[in-house]
Amino acid sequence: RILCSAFQVAVDDDDENILLKNPFDFKMPKIDPNHKPQKRDVVDKDHLKKLLDYCLERKIYNKWYYVIIILLGTGLRISEFLGLTFDDIDFDGNTISVNHQVNCYYNIRGTYSRAKDNDLTVNPPKTASGERFVAMRPEVKESILWLMNNRPQVDELEVDGHKGFVLINRNGVPYNADTVDARFRQMIDNHNKKYPNDQIPRFTPHCLRHTFCTDMVYRGMNVKNRRSEERRVGKEGRSR
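On a predicted model such as this, the values are computed, not experimentally measured, just so you know.

### Things to note about the side chain of Thr85
And step 1. Mapped onto the fold, Thr85 is located in the loop between helix 4 (78-82) and strand 1 (89-90).
And step 2. Non-local contacts of Thr85, meaning those with residues more than four positions away in its chain, are made with His100, Lys163, Gly164, Phe165 and Val166.

Dropping the structure here:
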């Protein structure tokens, strides 16, 4: 309201002709007082183990076992992981280059836009400093190799010039974050139905990023130095 009033003075001052239009002359969307933002907590290790065991137990969820291992071992945002392609992975230098992410198109109403042949788009990372190199632990490397070796043998969809995504569905299309969120809910709900006395609370893939960061802090890593460490890893990987 303050900015709108201040800029309106500039618009109304015909003598100076400072502005032709007030950029803040719009209505903010109403906030639902009953809406409670989702709290993303660190995932308990016991709950993680139960879900990982369940993924291996159910063949249809096998690949999600390896997805969880990768997210836990890298701290990638789910959109960054879904954007990974073969070209982003240096198996000799054991590094992962994070330089883009896969997102969905949304219009102003918050629904999917059909402006393109598909709902996916490739964008830069969320923040300006988001481009980085991440060290690839042995378990992460094994998981990526498993996903690559067990990819559906179909024609792949090219998204904004990118192809060769590590994780694709049976139609050759990269996953989006909403689909992965839904799959996590499904796996956890099915586990809880099968084991009613051994429940796992629902959590999202992003909670695994929180879990990774918390684990790094417990191990003594200085969070402020995390970025410089990633740059060092990237330089070493390129030198190799």
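### Remarks on the side chain of Ser79
And step 1. Mapped onto the fold, Ser79 is located in helix 4.
And step 2. Engagement of the side chain of Ser79 in a polar contact is seen with the side chain of Gln101, the distance being 2.5 Å.
And step 3. Leave out the neighbours within four places in its chain, and Ser79 touches Gln101, Val102 and Asn103.

### Side note on unusual backbone geometry
And step 1. Positive phi, normally seen in glycine, also occurs at Asn94, with a value near 55 degrees.
And step 2. In this structure, Asn94 sits in the loop between strand 1 and strand 2 (95-98).
And step 3. According to the relative accessible area criterion, Asn94 is partly exposed, its value standing at 30%.
And step 4. With a phi angle near 50 degrees, Asp160 is a residue other than glycine that sits in the positive phi range.
And step 5. Take Asp160: it is sitting in the loop between helix 5 (138-149) and helix 6 (177-194).

### Focus on the layout of surface pockets
One simple way to see leftover space: roll a probe sized like a water molecule over the atoms.
And step 1. Space inside the second largest pocket adds up to approximately 350 Å³.
And step 2. Lining of the second largest pocket is provided by 16 residues; of these, Lys45, Leu72, Thr211, Asp215 and Arg219 occupy positions nearest its centre.
And step 3. Listed by contribution, the elements that provide at least two residues to the lining of the second largest pocket are helix 2 (45-57), helix 3 (62-74) and helix 7 (205-218).
And step 4. Ranked by residues supplied to the lining of the second largest pocket, first place goes to helix 7 with five residues.

### As for the nonpolar core
And step 1. Ranked by internal contacts, the top residues of the largest apolar core, which has 46 residues, are Trp64, Ile68, Phe81, Phe203 and Leu208.
And step 2. Counting residues per element, this core draws most heavily on helix 3, which supplies eight residues.
And step 3. Leave out the neighbours within four places in its chain, and Phe81 touches Val67, Ile70, Leu71, Leu76, Leu147 and Leu167.

### Details of the pattern of salt bridges
And step 1. Inspection of every chain in the model, using the stated rule, returns eight salt bridges.
And step 2. The shortest N-O distance in the salt bridge between Glu80 and Arg132 comes to 2.7 Å. Of this pair, Glu80 sits in helix 4 while Arg132 is found in strand 5 (residues 132-135), placing the two residues 52 residues apart along the sequence.
And step 3. For Glu80, a relative accessible area of 1% gives the class buried.
And step 4. Since its relative accessible area comes to 8%, Arg132 is described here as buried.
And step 5. The salt bridge partner of Glu156 is Arg151, with a shortest N-O separation of 2.8 Å.
And step 6. A residue is classified by how much of its surface remains accessible, and Arg151, at 10% relative accessible area, is buried.
And step 7. It is possible to trace a salt-bridge network through shared partners that takes in Arg77, Glu80 and Arg132.

Rules of the game
Counting restarts for each chain: residues are numbered from 1 in the order of the written sequence. Whole-chain, interface and lining totals are the exception, using all residues; otherwise, since this is a predicted model, local features are given only for residues with pLDDT of at least 70 and side-chain atom pairs are given and counted only at 80 or more. Neither water nor hydrogens contribute to the side-chain values; these are computed over all heavy atoms in the structure. To qualify as a helix, a DSSP run of H or I must reach at least 4 residues; to qualify as a strand, a run of E must reach at least 2; elements of each kind are numbered from the N terminus. We call two residues in contact whenever any of their non-hydrogen atoms come within 4.5 Å of each other. We define a polar contact as two N or O atoms separated by no more than 3.5 Å, with the added condition that, inside protein, one atom must be a possible hydrogen donor and the other a possible acceptor, whereas residues neighbouring each other in sequence contribute only through side-chain atom pairs. Here's how the labels work: a residue is buried when its accessible area is under 20% of the maximum for its type, exposed when over 50%, partly exposed in between, all with a 1.4 Å probe on protein chains only. With a 1 Å grid laid over protein atoms only, a set of points is called a cavity when a 1.4 Å probe fits there but cannot get out and a pocket when it is open yet has protein on both sides within 12 Å along at least five of seven lines; lining residues have an atom within 4 Å of a point. Grid points are joined across faces, edges and corners, and a volume is the space filled by probe spheres set on the points. Here, the term nonpolar core denotes a set of buried Ala, Val, Leu, Ile, Met, Phe, Trp, Tyr and Cys residues that are joined through side-chain atoms within 4.5 Å. Here, a salt bridge means any Lys or Arg side-chain nitrogen found within 4 Å of an Asp or Glu carboxyl oxygen.

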